[in-house]
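Secondary and tertiary structure notes
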Amino acid sequence: MAIIASAVGEPSTAGASTALPPSPRLTAPQGTLVLPNLDDDTRRCTLRPGDLDRLDVAVDTRLASCNDAADDIVNGPRDMADLTPVRLAPMKTTRHASGRISVPTEQGKYVRIFVRRAGTYVSLGSDGQLTASELRHGAQLAVEGRDIVRDPKRWNGRISLTLTVTKGQDARTAHLALHIAPVLLQNDLQRAQQVFAAAPGPGKGQPVEVPAATRQPGLWRQFADSLRKATRAAGMADRQLTFQKGTSQWWRDIWRQDIVEPAYVTRPTPNGPHTLRILLRSPNYWTSHDGRSASLRRAGRLLFRDLRGPDIGIVQQYTTHRDPNVDELLNFTGNIESLPPYDGFPHGRILYGSSAQRHPDPSFTRMLRAQGQQSPVVLDTSWLVVGHADETVHVLRADNARGWTLAVSDPRLAVDLLRRAQRAGEGGQRLFAGTEADLKPTIDEYLRMDATRGDNEYAARHLDEQLKVLLRATGLRPQDIIRLPVLYMGDEPGGGLPRRYIAASPALANGLSLSARDYAAPDPHGPRVTGHDLFREEAGRRLAAQGVRVRWVEDFSWAHMVGGEVHCATNALRDVP
């Protein structure tokens, strides 16, 4: 974390005189961290009719600009708690002295200072003038952060308060250094407080906003009922699972993981840490077919409707002019994950997929790095059709010294299970039986096809490279890793383009952690041998060995067949440590 000790002003030696006593003094009794006050404590920010569907970036700008830091008043007692107190000690001065609180010009738009007058906190405004009475008797100030750090070259989060007290030609100064609280990503070991997913709504439409979607998702009720069963089994109340109805063309964007990455900021107080959630909206920037209008991903506006409020703010960071290798699929926030704390990284680390050929909006990843607390681990996900970090790796608890490990996709394990079943005379058993899959090959048929195409071995080699990066970054050992059976298939891009891969069987690492021990995984629908699903049984055994309880969710038609899994179709706000 940033420094939390109070800073004390020292007197200037310039113009020393008995006319002004020395040592004006500013202190921060609760520490020098300042929260970016981006929530809406009085719920005054609302959507206008048509906001969810309008293809107009002005809508996104207006929605993001409404927050408690956007005005110069304190919006009630909850808002007061979001400010950092500063105290001006009484000075033995005459009535003719004047005082001014200021910050450097370049910091002015990032901070606001309030003073308590007649029992109410009022903004000092741009001149920062204090009264002679406030100098003599002391003053209670409060500092409001107006934004997070986005680009350190523009602002690095430092707030430099200067108190200047003058009388005639005599002057004294005091300084206090504060710092905006860094935004920290939550991780999957933190218990889910609120889970949300999409629900069908009225209307139909074409999947113009989500390139990965090739068909309309179906069998929502099976998905919803099994997810509800999973959350209940994890000890969650029904009110902690919400299904959102979105735009009129709801089905083109069911990916709740991909519209936002939940994070938080926190500062110490005498009553314990005070925390605000900061929801990082995906930097997807869509243009209309005719190129005349554009907006951010419209499903992201649901965050303003359903989540923004007391202690929950939303940040948008994106660019409209991008280099040709910025891929909208990698801008989905399912591509932004985090590792829990471990030696050398007390707040954990960010994890995301990127390569020279396919990468997210650099202004978004620059913002993540600018927080300075969770240095990123970057994986090459360019070989995947969708290209998200959550497709192949997931943090899970483990019975080891650090308390966690990684679950990863393993196509070699999946193929080996099929070969074992074939040798046992079960080659006629079908994959994906009982689902809406277009193809339901037998084990024999699938192994012949894979021997010809080599998709699983190609995918495994890419996964080997990802695992090398992860082991080197985390210090985990190969034997610590939980390998889960997943089959892959490659596309046929043509034109000399490289083949990309997607999970042919539900990707078991692409699930939702409900608690450190409860994991909602997609039902793999592997071939059944002696009445048992080969993939489900193998995954359950490996996860149980680390104390993880699997809660199976039926997502085959709702998510898997349109390019995602349980994790992609859900999101969670988690306990903050």
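Residues numbered from 1 in each chain as written. Predicted model: local features only at pLDDT ≥ 70, side-chain atom pairs only at ≥ 80, totals over all residues. Heavy atoms only, no water.

**Brief notes about the sheet that holds strand S12 (residues 192–199)**
- The sheet built from three strands is open, its strands ordered S13-S12-S32 with mixed pairing. What marks the edges here is a single partner per strand, and that holds for strand S13 (241–245) and strand S32 (570–574). Neighbour-to-neighbour, the strand axes of the sheet open up by a mean angle of 25°, direction not taken into account.
- When S12 meets S13, the two strands line up parallel, connected through five bridges. Bridged to valine 195 within S13 is leucine 241.
- Sheet contacts for helix H4 (residues 220–233): S12, S13 and S32; angle to S13, the most-contacted strand, approximately 155°. (Pairing = 2+ DSSP bridges. Helix = DSSP H or I, 4+ residues; strand = E, 2+ residues; numbered from the N terminus. Axes fitted to C-alpha atoms, helices over the stretch in contact; angles between N-to-C directions. Contact = heavy atoms within 4.5 Å.)

**So, the environment of serine 133**
- One can find serine 133 in helix H3 (residues 132–137).
- Along the chain, serine 133 and lysine 109 lie 24 residues apart, while their C-alpha atoms are 28 Å from each other.

**Quick notes on the confidence of the model for the protein**
- With 93% of its residues at a pLDDT of at least 70, the protein reaches an overall mean of 92.
- Confidence over residues 1–17 falls short of pLDDT 50; this stretch has 47 contacts with residues more than four positions distant or in other chains.
- With pLDDT under 50 throughout, residues 203–213 is counted as low confidence; its partners more than four residues away or in other chains account for 29 contacts. (pLDDT = per-residue confidence, 0-100.)

**Let's talk about the packing of helix H8 (residues 411–423) against helix H11 (residues 534–544)**
- The contact between H8 and H11 brings their axes to 10 Å, and the two run at 125°. With respect to each other, H8 and H11 are oriented oblique. For the crossing formed where H8 meets H11, the hand is right-handed. For the pair formed by H8 and H11, the contact residues are Leu413, Ala414, Leu417, Leu418 and Ala421 on the first element and Leu534, Phe535, Glu538 and Arg542 on the second.
- Here the contact of H8 with H11 is composed, by residue class, of seven nonpolar, no polar and two charged. (Parallel < 35°, antiparallel > 145°, perpendicular 65-115°, else oblique. Left-handed = near helix turned anticlockwise from the far one by under 90°. Nonpolar A, V, L, I, M, F, W, Y, C, P; charged D, E, K, R; others polar.)

**Concerning a positive patch on the surface**
- A cluster of basic residues, Lys109, Lys153, Arg154 and Arg366, forms a positive patch on the protein surface.
- Relative to the helices and strands, arginine 154 resides in the loop between strand S8 (139–145) and strand S9 (158–167).
- Arginine 154 sits in the exposed class, given a relative accessible area of 69%. (Patch = residues over 30% accessible without salt bridge, like charges linked within 9 Å, V, L, I, M, F, W, Y side chains within 5 Å. Areas by Shrake-Rupley, 256 points an atom, 1.4 Å probe, with all protein chains shown as cover. Salt bridge = Lys/Arg side-chain N within 4 Å of Asp/Glu carboxyl O. Lys, Arg positive; Asp, Glu negative; His and termini not counted. Charge placed at Lys NZ, Arg CZ, Asp CG, Glu CD. Buried < 20%, exposed > 50% of the residue type's maximum accessible area, 1.4 Å probe, protein only.)

**A look at the pattern of salt bridges**
- Across all of its chains, the model carries 38 salt bridges by this definition.
- For arginine 150, the salt bridge goes to aspartate 147, with nearest N and O atoms at 2.8 Å.
- Given the relative accessible area of 14%, aspartate 147 is considered buried.
- Across the salt bridge formed by aspartate 361 and arginine 322, the nearest N and O atoms sit 3.2 Å from each other. Separated by 39 residues along the polypeptide, aspartate 361 in the loop between strand S20 (349–353) and helix H7 (362–370) and arginine 322 in the loop between strand S18 (312–315) and helix H6 (328–331) bring together distant segments of the chain.
- Look at aspartate 361 and you get buried, because its relative accessible area is 0%.
- Residue classification places arginine 322 among the partly exposed residues on the basis of a relative accessible area of 21%.
- Each member of the salt-bridge network shares a partner with another, and the members are Arg412, Glu457, Arg461 and Asp464.

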